[in-house]
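# Residue-level structural notes
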Amino acid sequence: MMKDKKSGRRLVIACYGLVLIVWMLCNVFCFVQDTLRRANGTLQTQEMTFESVRCTDMEVQNARVAITTGVDPQIILKPLAGTVTEVRLHFTYSRYPGEVNLYYAKNDAPFDNRYKIWGKAQNDGSYLFTLPRTQIDAIRIDPSNLAGITMQLESFTLNAPRSFFAYFKITYEQLFAFLVLPGFAAAFLGYFFSLFSNEKQNKSNKEGKKDA
C-alpha cells in the first residue's frame, strides 16, 4: 500500500514536471523565433490607424475617431505586411461596446468562427489578441457589436515589443489548465498502469498454477 502511494506521488510530480518543462521550452522557442524574425525583418512592430485599414459599418471621422453605423462594424487588415503574432488594441468608447473579438484567415479563406479569438482585457483598458504561430493572410477585428458608438483610437499595435520575461506571463486559462489537467493525466495513467500490473500479476499466477 505504501509503495502504491509513493508511486502515485511520483507519477503526479512527473506529470506536473513534464507540463512545466514543455511550457517553458515552448515559451523559449517563441522568444527565439520572434528574435530571429525581427532580425530578418519578417516580424515588425506596426502602428495602425483607422485610415490605414479597411473599415465597414463604421463612419471614419479621422485617423483616430470612428463611429459605428451598424451592429457589425469591422476593421480588416488584408493583405498583411509580414508575420503577425499579437495585436494590441486600445479604444476609448462613448459607452459599453459589447463584444470585442478578432478573426483570422488562411489561404484567402473567408472569416469564420473556427478562427475566432476573444480579446483579453488588460489593466490599461486595452485588448490583447495572441494569434497562433501559423500562416495568416488576413485579420478582421470586430471592435463592437452595437451601432452609434464613438470610438477614440488610443493605440492599435501589431507585434508590440516584448521582453524575455513577458513570454512567460501566464493567463488565468493557462493557470487553470496547468493546475487541473496534469492531475487528470496522472490519474488516467495511474489507472492504466494499475490495470496493466493486475493483468500481468494474474497472468503470472495462472502460469504458476500450471507449473504446479
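This section reports on the structure supplied with the text. It should be emphasised that the depicted structure is a prediction, and the values quoted were computed from it without experimental measurement.

Of all hydrophobic cores here, the largest spans 29 residues; its most connected members are Ile75, Val87, Ile139 and Phe156. Among the elements of the structure, β5 (74–77), β6 (86–93), β7 (101–105), β10 (127–130), β11 (138–142) and β12 (150–158) are those that each provide at least two residues to this core. Apart from residues lying up to four places away in sequence, Val87 is in contact with Leu102, Tyr127, Leu128, Phe129, Leu131, Ile139, Ile141, Phe156, Thr157 and Leu158.

Okay, the pairing of β10 next. Both β6 and β10 contribute to a ladder of four bridges, which runs antiparallel. Its bridge partner lying in β10, Arg88 is registered against Leu128. Both strand β9 (residues 120–121) and β10 contribute to a ladder of two bridges, which runs antiparallel. Residue pairing in the sheet places Ala121 in a bridge with Tyr127 of β10.

Moving on: the packing of aromatic side chains. This structure, assessed with the given rule, holds nine aromatic pairs. When the centroid spacing of 5.8 Å and the interplanar angle of 5° are considered together, the rings of Phe50 and Phe91 count as stacked. Residue Phe50 is located in the loop between β1 (46–47) and β2 (54–56), and its partner Phe91 is located in strand β6; the two are separated by 41 residues in the primary sequence. Classification of Phe50 as buried rests on a relative accessible area of 3%. Centre to centre, the rings of Phe164 and Phe165 are 5.5 Å apart; their planes meet at 75°, and the pair counts as edge-to-face. Through successive ring pairs, a cluster of aromatic residues spans Trp23, Phe31, Phe164, Phe165, Tyr167 and Phe168. When the ring centre of Tyr103 is taken as origin, the NZ or CZ atom of Arg140, which lies over that ring, is 4.2 Å away.

So, how was this worked out
- Residues numbered from 1 in each chain as written.
- Predicted model: local features only at pLDDT ≥ 70, side-chain atom pairs only at ≥ 80, totals over all residues.
- Heavy atoms only, no water.
- Core = buried A, V, L, I, M, F, W, Y, C linked by side-chain atoms within 4.5 Å.
- Buried < 20%, exposed > 50% of the residue type's maximum accessible area, 1.4 Å probe, protein only.
- Helix = DSSP H or I, 4+ residues; strand = E, 2+ residues; numbered from the N terminus.
- Contact = heavy atoms within 4.5 Å.
- Pairing = 2+ DSSP bridges.
- Phe/Tyr/Trp six-rings, centres within 6.5 Å; stacked < 30°, edge-to-face > 60°.
- Lys NZ or Arg CZ within 6 Å of the ring centre and 35° of its normal.

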